[in-house]
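Chains, contacts and geometry: an overview
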Amino acid sequence: MMDRTDRPNSFPWPPVLYGVAILCAIALQQVVPLSHGMDVARIGGALHVVGWILLLVGAGFDISAMVTMARARANILPHRAATSLVESGPFAISRNPIYLGNTVMMVGAGLAFGNLWLIVTGLVAALVVLKLAIEREERHLEALFGPAWLAYRSRVRRWIGRH
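Quick summary incoming for the structure in this document. (Residues numbered from 1 in each chain as written. Predicted model: local features only at pLDDT ≥ 70, side-chain atom pairs only at ≥ 80, totals over all residues. Heavy atoms only, no water.)

Describing the overall build of the chain
Helix and strand content of the chain: four helices and zero strands. For the chain, the succession of helices and strands along the chain, N to C, is α-α-α-α. Projected onto its principal axes, the C-alpha positions of the chain cover 55 × 30 × 25 Å. Sorting the 163 residues of the chain into buried and exposed places 39% on the buried side. Within the chain, contacts between residues separated by at least 24 positions form 75% of all contacts whose residues are at least 6 apart in sequence. Element-wise, carbon and sulfur atoms account for 68% of the exposed surface of the chain, whose accessible area totals about 8,700 Å². Across the chain, 15 positive and 9 negative side-chain charges occur, with their mean positions spaced 3 Å apart. (Helix = DSSP H or I, 4+ residues; strand = E, 2+ residues; numbered from the N terminus. Buried < 20%, exposed > 50% of the residue type's maximum accessible area, 1.4 Å probe, protein only. Contact = heavy atoms within 4.5 Å. Areas by Shrake-Rupley, 256 points an atom, 1.4 Å probe, with all protein chains shown as cover. Lys, Arg positive; Asp, Glu negative; His and termini not counted. Charge placed at Lys NZ, Arg CZ, Asp CG, Glu CD.)

Laid out in structure tokens, this is it:
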């Protein structure tokens, strides 16, 4: 059995799961269209615009989290050991801004492109990432950073918001 301080996972689950979710949504839309008859023209400008805004917000979370991690010289790979505890930037409002960003982008894409399967599979991917990655990462961070992790966890919510 792997020591919790070694690394949280031996496989990079999050990017694979979100990628599979996107592919499944595209395939499902071809076979069983959830948004049958729902095209951008029919949903009007509002949902289309909301979708694009969500895509940009999600991408903003992703990019800003990656830049923040790079500045802190923190490992970004989800199957490698953490090298530092990052608490600034988007990490001040979400303990998982990259996973949050990925999920928000999928919801946004579902609205922007009229493929509601992207919303469904994006939310399923978020739940699976929670079980296969986030919970393991949290145990890993607690083992590595102890009281500093516990203090951070008590201030910032897993997905979004402060306690």
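There is more to say, and it comes next.
A short note on the nonpolar core
If you look at the biggest cluster of nonpolar residues, it comprises 28 residues, and the most contacted ones within it are Y18, M69, F91, Y99, V129 and Y152. Among the secondary structure elements, those contributing two or more residues to this core are α1 (13–31), α2 (40–71), α3 (97–113) and α4 (117–155). At 11 residues, the largest contribution of residues to this core is made by α4. Setting aside its immediate chain neighbours within four residues, Y152 contacts L85, V86, E87, F91, S94 and R95. (Core = buried A, V, L, I, M, F, W, Y, C linked by side-chain atoms within 4.5 Å.)

Comments concerning the packing of aromatic side chains
This model, assessed by the stated rule, comprises three aromatic pairs. Between W52 and F113, the aromatic rings sit 5.4 Å apart at their centres with planes inclined by 80°, giving edge-to-face as the arrangement. Here W52 is found in helix α2, whereas its partner F113 is found in helix α3, with 61 residues between them in sequence. On the basis of relative accessibility, which here comes to 38%, the residue W52 falls in the partly exposed class. (Phe/Tyr/Trp six-rings, centres within 6.5 Å; stacked < 30°, edge-to-face > 60°.)

Focus: the pattern of salt bridges
All told, the structure shown has five salt bridges when counted by the stated rule. Among the salt bridges present, the one from R95 reaches E138, with a minimum N-O distance of 2.7 Å. One end of the pair, R95, is in the loop between α2 and α3; the other, E138, is in helix α4, and 43 residues separate them in sequence. Among the residues examined, E138 registers a relative accessible area of 11% and is labelled buried. Residue R158 is joined to E138 by a salt bridge in which the shortest nitrogen-to-oxygen separation is 2.6 Å. (Salt bridge = Lys/Arg side-chain N within 4 Å of Asp/Glu carboxyl O.)

Points about α1
The terminal C-alpha atoms of α1, which comprises 19 residues, lie 26 Å apart, in line with the 27 Å expected from a rise of 1.5 Å per residue. Inspection of α1 places P14, L17, Y18, A21, A25 and Q29 among the buried residues, and these make up the whole buried set. Taken down its axis, α1 places every buried residue within 100° of arc, on the same side. Seen from the buried face of α1, the exposed residues on the opposite side, beyond 90 degrees, are L23, Q30 and V31. Looking at the packing, one finds that the buried side of α1 touches α3 and α4. (Expected span 1.5 Å × (residues − 1). Arc of directions from axis to C-beta.)

Some thoughts on α4
Side chains of residues three or four places apart in an α-helix project in the same direction, reflecting 3.6 residues per turn. An ideal rise of 1.5 Å per residue puts 57 Å on 39 residues; α4 reaches only 34 Å between its terminal C-alpha atoms. Of all the bends in α4, the greatest reaches close to 125° and is centred on F145; the proline P147 follows between one and four positions later. (Bend = angle between axes of the 7 residues up to and from the residue.)

What to know about unusual backbone geometry
In this structure, R73 takes a positive phi of about 55° despite not being glycine. Structurally, R73 is set in the loop between α2 and α3.

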